[in-house]
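Descriptive structure summary
This is what each chain is made of:
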Amino acid sequence: MAKTVVIKIGSNVLTQDDGTPDHNRMASLVSQMVFLKEIGHQIVLVTSGAVAFGRKALPLNPKTDSITKKQVWASIGQIELIRSYKNLFLEKGHTVAQLMVTKEDFRDRVHYLNMKNCLDGLLKNQVIPVINENDAVAVTELMFTDNDELAGLVAAMIDANSLVLLTNVDGIYKGHPSDPSSELITKVGRQVPDLSQYITTGKSSFGRGGMLTKMTMAKKSADLGIEVLIANGKRDDVLKGFADGTLVCTYFEPGKTRHNQKKWIAHSENYSKGEVVVNEGAKNALNSQKITSLLPIGIVAAKGDFLKGDIIRIVDEAGQILGLGKAEYGASSAAEKIGQPHQRPLVHYDYLYLYDLK
Ligand SMILES: Nc1ncnc2c1ncn2[C@@H]1O[C@H](COP(=O)(O)OP(=O)(O)O)[C@@H](O)[C@H]1O
Ligand SMILES: N[C@@H](CCC(=O)OP(=O)(O)O)C(=O)O
């Protein structure tokens, strides 16, 4: 079956132990991505490596602050990174395109749709999008936790079937991967156990977010109906293994696919601009099997300065978050309508994402 596959490559996969770019590994992964494309899959690449490539190209005074270092190295390294991909794909007859994004591009619905339109256009024209964070401008609140988060957001955006996170270990182990007694978790079903207990905060030498973000993103993406594979990009034929189903990895079984609109909303908790508190009746209605929009009659309070189109959090009176939604009107109109019958929904069902509260 032809799939849309988002492949994320971590910095460590593309570097050797001494930090120099590993062009052979890169060439092998490009060949395998071309193989996937030529057997009919659509490929989107999310790649790290700019900082690592830049660090090797230009040593900086160790006293330079860490933000400036990241910005300088990333803006130097990105050139070599994208040029290498461009040349390697071109040798095999394929064109790549570069997209550099920040968190803001996922926060704003217009930016989001512009990016989606661009990706759709590239895929339709058989071009392989190569995406990285725009590290030159992405500082503090504009930053993704790491590229695993970015890859998860991209996979949701384009309604991907699969998300393959390539790192320098075979997947999530029940213990530190360097401990020979640690066992690899090969499958995570829909009843996801608490895996965070196994994950240590230590990262690989150039990694940013560590295994915890991979796990969080994998769970979230699987909830949205995307299968996720965390696998070792340093193993030869890793992507061929993905194609023929022989890959040694941690596999997250996908849930039922949800509406695309809702996928954007599902990933927006960090970007919400306000919050509404709902009463018990509204909570039960939202959690029932019936398709329900959020009506002002069930709202007891509206907080924050949200405008029409902004994402708002929906919480119950005990403060537990129930879900997220796109506001149909702003906070001042909402305040006027609170508790009143016969009013337009504040959140329409199509723009409502409810957490699966067990
Ligand atoms: N339970 C675990 N299973 C696997 N890896 C783990 C675990 N706990 C911590 N890690 C660490 O997570 C690292 C991968 O994350 P990271 O360094 O962010 O990689 P990448 O650069 O590919 O994004 C591994 O190299 C490993 O050291
Ligand atoms: N955007 C950065 C990558 C940051 C990042 O998430 O790195 P990694 O944890 O190796 O995937 C770069 O290109 O160096």
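Residues numbered from 1 in each chain as written. Chains lettered and ligands numbered in written order. Predicted model: local features only at pLDDT ≥ 70, side-chain atom pairs only at ≥ 80, totals over all residues. Heavy atoms only, no water.

For the rest of this paragraph, the subject is the packing of helix 1 (residues 23-38) against helix 3 (residues 66-91). Where helix 1 contacts helix 3, the two axes come as close as 10 Å, and the packing angle between them is 50 degrees. Taken together, the axes of helix 1 and helix 3 lie oblique to each other. Crossing angle aside, the handedness with which helix 1 passes helix 3 is right-handed. Residues His23, Met26, Ala27, Val30, Met33 and Val34 of helix 1 pack against Glu80, Leu81, Ser84, Tyr85, Leu88 and Phe89 of helix 3. Of the residues assigned to the contact of helix 1 with helix 3, the class counts are nine nonpolar, two polar and one charged. (Axes fitted to C-alpha atoms, helices over the stretch in contact; angles between N-to-C directions. Helix = DSSP H or I, 4+ residues; strand = E, 2+ residues; numbered from the N terminus. Parallel < 35°, antiparallel > 145°, perpendicular 65-115°, else oblique. Left-handed = near helix turned anticlockwise from the far one by under 90°. Contact = heavy atoms within 4.5 Å. Nonpolar A, V, L, I, M, F, W, Y, C, P; charged D, E, K, R; others polar.)

What follows deals with the domain arrangement of the chain. Note: interface size is frequently given as the accessible area lost on complex formation between the parts. Each assigned domain of the chain is listed here: domain 1 (4-262) and domain 2 (272-354). Averaged C-alpha coordinates put domain 1 and domain 2 at centres separated by 35 Å. (Domains from an automatic or database assignment.)

Attention shifts here to the pattern of salt bridges. Overall, the coordinates contain 14 salt bridges when judged by the stated rule. Between Asp223 and Arg190 there is a salt bridge whose closest N-O contact spans 2.8 Å. With a gap of 33 residues between them, Asp223 in helix 7 (residues 211-223) and Arg190 in the loop between strand 6 (187-188) and helix 7 connect regions that are remote in the sequence. In this structure, the salt-bridge partner of Asp310 is Lys273, at a minimum N-O distance of 3.7 Å. On the criterion of sequence distance, the pair formed by Asp310 in the loop between strand 10 (299-304) and strand 11 (311-316) and Lys273 in the loop between helix 9 (260-266) and strand 9 (274-278) is long-range, its members being 37 residues apart. (Salt bridge = Lys/Arg side-chain N within 4 Å of Asp/Glu carboxyl O.)

Next up on the list: the sheet that holds strand 1 (residues 4-9). The eight strands lie next to each other as 3-4-2-1-5-7-8-6, forming an open sheet whose pairing is mixed. Strands with a single pairing partner mark the edges of an open sheet, and in this sheet they are strand 3 (96-101) and strand 6. Relative to strand 7 (residues 227-232), strand 5 (residues 162-167) runs parallel, the two sharing six bridges. Opposite Ser162, over in strand 7, you have Glu227 as the bridge partner. Contacts from helix 7 reach strand 1, strand 5, strand 7 and strand 8 (249-252), with the element oriented near 155 degrees to strand 7. (Pairing = 2+ DSSP bridges.)

Moving on, we come to the environment of Phe35. Relative to the helices and strands, Phe35 resides in helix 1. A relative accessible area of 31% means that Phe35 is categorised as partly exposed. A C-alpha to C-alpha distance of 23 Å links Phe35 and Pro21, two positions 14 residues apart in sequence. Phe35 has contacts with Lys240 and Ala243, leaving out every residue within four places of it along the chain. (Buried < 20%, exposed > 50% of the residue type's maximum accessible area, 1.4 Å probe, protein only.)

To continue, consider the site of ligand 2. Ligand 2 sits among 14 residues. The nearest are Lys8, Ser11, Ser48, Asn132 and Asp135. Here Lys8 contributes a side-chain N or O atom positioned 2.5 Å from an oxygen atom of ligand 2. Asp135 places a side-chain nitrogen or oxygen 2.7 Å from a nitrogen atom of ligand 2. In isolation ligand 2 exposes 380 Å². Once the protein is present, 96% of that is buried. Taken together, the residues of the shell around ligand 2 sort by class into two nonpolar, eight polar and four charged. (Near = heavy atom within 4 Å. Polar contact = N/O pair within 3.5 Å; in protein donor to acceptor, adjacent residues only side chain to side chain. Areas by Shrake-Rupley, 256 points an atom, 1.4 Å probe, with all protein chains shown as cover.)

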